[in-house]
Amino acid sequence: EAGVAQSPRYKIIEKRQSVAFWCNPISGHATLYWYQQILGQGPKLLIQFQNNGVVDDSQLPKDRFSAERLKGVDSTLKIQPAKLEDSAVYLCASSLATGRLWETQYFGPGTRLLVL
Amino acid sequence: SQQGEEDPQALSIQEGENATMNCSYKTSINNLQWYRQNSGRGLVHLILIRSNEREKHSGRLRVTLDTSKKSSSLLITASRAADTASYFCATDPLSGANSKLTFGKGITLSVRP
């Protein structure tokens, strides 16, 4: 089966610019996650969707980050305006059904963002 | 804050040797998972061990869990060059309505051919 797709793979922007990332989960997966992975650290959950509803966005910096999952399939994550500390890899993951934490999460290759 | 702390931070071994990586955590958990991340790639789920399990095997992987010590270990036997990657433990905390999978900082494993 096709895996989680993400684009772009790399993005370089200047601070205060905006950027958007796209994710297409595995077909049929109801739950979608966005993680931020700063160099040398593990991934940190930004937002979790169950179908097109938000389950958890407690760690999303809402003053600059936004995410949507229209129609419960694809998702976009936007940063506006970007800061230097947003430089990281943004990972999208999906899981099959309920989003319970014991379900296997399948990760995409990530988008590497560099903010100059 | 990141719940899991892996040890060591980096490990270099010869192909064919065993690699042991440790993870310690702070609060009670439902389960603990190990993930692998190859350079420039996403994470791949390796194995999940529940809080009522003590040991689990999957191919060349062996995971143990000691809830009294709040620690887990991942053993890779007969390592291969392809095992070179970063390994993360991730914990599913017991409490909290919005509990989330919390990853450690990872261990960098290098397997020399």
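Look up a bit, the structure's there.
For every chain, the first residue of the written sequence is number 1, and numbering continues from 1 onward in sequence order. Starting at A for chains and at 1 for ligands, labels are handed out in the order in which the entities are written. Restriction of local features to residues with pLDDT of at least 70 applies here, the model being predicted, together with a cutoff of 80 or more for giving and counting side-chain atom pairs; totals for whole chains, interfaces and linings are based on all residues. Derived side-chain values reflect all non-hydrogen atoms in the structure, with water molecules and hydrogen atoms excluded from consideration.

Within this document, salt bridges are pairs made up of a side-chain nitrogen of Lys or Arg and a carboxyl oxygen of Asp or Glu, the two lying within 4 Å of each other. Here the structure, examined in full by the defined rule, presents 5 salt bridges over all chains. Close ionic contact of Arg64(A) with Asp86(A) constitutes a salt bridge, the shortest N to O distance being 2.5 Å. Of this pair, Arg64(A) sits in the loop between β6 (53-56) and β7 (65-68) while Asp86(A) is found in the loop between β8 (75-79) and β9 (88-95), placing the two residues 22 residues apart along the sequence. We call a residue buried when its accessible area falls under 20% of the maximum for its residue type, exposed when it is over 50%, and partly exposed in between, using a 1.4 Å probe and counting protein chains only. Judged by relative accessible area, which is 2%, Asp86(A) ranks as buried. Its salt-bridge partner being Lys56(B), residue Glu53(B) comes within 3.9 Å of it at the nearest N-O pair. Here a helix means four or more residues in a row that DSSP labels H or I, a strand means two or more in a row labelled E, and each is numbered from the N terminus.

Moving on, we get to the packing of aromatic side chains. Pairing of aromatic side chains requires ring centres within 6.5 Å, counting the rings of Phe and Tyr and the six-membered ring of Trp. Pairs whose planes differ by under 30 degrees are stacked, by over 60 edge-to-face, and all others tilted. One pass over the full model with this rule turns up 8 aromatic pairs over all chains. Measuring from centroid to centroid gives 5.4 Å for Tyr35(A) and Phe107(A), while their planes differ by 40 degrees, and the two rings are tilted. Residue Tyr35(A) is located in strand β4 (residues 31-37), and its partner Phe107(A) is located in strand β10 (residues 106-107); the two are separated by 72 residues in the primary sequence. Of the residues examined, Tyr35(A) reaches a relative accessible area of 1% and is grouped as buried. Given a relative accessible area of 11%, Phe107(A) falls into the buried group. Three or more aromatic residues link up through ring pairs in this structure, and these residues are Tyr33(A), Tyr35(A), Phe107(A), Tyr35(B) and Phe103(B).

Here we take up a nonpolar patch on the surface. Without a salt bridge and with relative accessible area above 30%, a residue can belong to a patch; like charges are then joined within 9 Å and nonpolar side chains (Val, Leu, Ile, Met, Phe, Trp, Tyr) within 5 Å. Note on areas: Shrake-Rupley, 1.4 Å probe, and residue coverage restricted to the protein chains presented here. A grouping of Ile12(A), Leu114(A) and Leu116(A) is seen on the molecular surface, where their side chains present a nonpolar patch of about 310 Å² in accessible area. Looking at the element boundaries, Ile12(A) is found in strand β2 (residues 10-13).

Once that is clear, we can look at the interface of chain A and chain B. The criterion used for residue contact is that any of the two residues' heavy atoms lie within 4.5 Å. Facing the 21 residues of chain A at the interface are 21 residues of chain B. With both sides pooled, the region where chain A packs onto chain B buries about 1600 Å², and carbon together with sulfur makes up 53% of that total. On inspection of chain A and its partner chain B, the count reaches 0 salt bridges. We define a polar contact as two N or O atoms separated by no more than 3.5 Å, with the added condition that, inside protein, one atom must be a possible hydrogen donor and the other a possible acceptor, whereas residues neighbouring each other in sequence contribute only through side-chain atom pairs. Across the contact surface, chain A and chain B share 2 residue pairs in polar contact (both at pLDDT 80 or more). Secondary structure elements with two or more residues in the side of chain A that touches chain B: β4 and β6 of chain A. Here the residues of the side of chain A that touches chain B are counted per class, giving 9 nonpolar, 9 polar and 3 charged. What gets called buried area is simply the loss in accessible area from a 1.4 Å probe that two parts show on being joined, summed for both. Ten residue types, Ala, Val, Leu, Ile, Met, Phe, Trp, Tyr, Cys and Pro, are classed as nonpolar, four, Asp, Glu, Lys and Arg, as charged, and the remainder, Gly among them, as polar.

This part covers the pairing of strand β11 (residues 107-112) of chain B. Residue and element names in this part refer to chain B. The two faces of β11 differ: Ile 107, Leu 109 and Val 111 on one face are buried, but Thr 108, Ser 110 and Arg 112 on the other face are not. Two strands form a pair only when DSSP identifies at least two bridges running between them. Relative to β11, strand β2 (residues 10-14) runs parallel, the two being bridged by 5 bridges. Bridge pairing links Ala 10 to Thr 108 in β11. Bridging between strand β9 (residues 85-93) and β11 involves 3 bridges; their strand directions are antiparallel. When the sheet's bridge partners are listed, Ser 86 is paired in β11 with Thr 108.

Hydrogen bonding along the main chain pairs the strands of a sheet, whether they run parallel or antiparallel. All names here are of chain B. One open sheet accounts for 5 strands, arranged β1-β3-β8-β7-β6; its pairing is antiparallel. The sheet is open, and its two edges are formed by β1 (5-7) and β6 (55-58), each paired on a single side. Each adjacent strand pair in this sheet contributes to an overall mean axis angle of 20 degrees, direction not counted. In the sheet, strand β7 (residues 61-66) pairs with strand β8 (residues 71-76) via 6 bridges, with the strands oriented antiparallel. Paired with Leu 65 across the strands is Ser 72, a residue of β8. Every axis corresponds to a line fitted to the C-alpha atoms, with the helix fit spanning only the stretch in contact, and the corresponding angles, defined between N-to-C directions, vary from 0 to 180 degrees.

With that settled, consider the state of the cysteines. Residue and element names in this part refer to chain A. The term disulfide is used for any two cysteine sulfur atoms that are within 2.5 Å. Taken as a whole and assessed by the stated rule, the structure comprises 2 disulfides over all chains. Disulfide pairing places Cys 23 opposite Cys 92 at an S-S distance of 1.9 Å. Taking the torsion about the sulfur-sulfur bond, which here is approximately -70 degrees, the covalent link between Cys 23 and Cys 92 counts as left-handed. Here Cys 23 is found in strand β3 (residues 19-24), whereas its partner Cys 92 is found in strand β9, with 69 residues between them in sequence.

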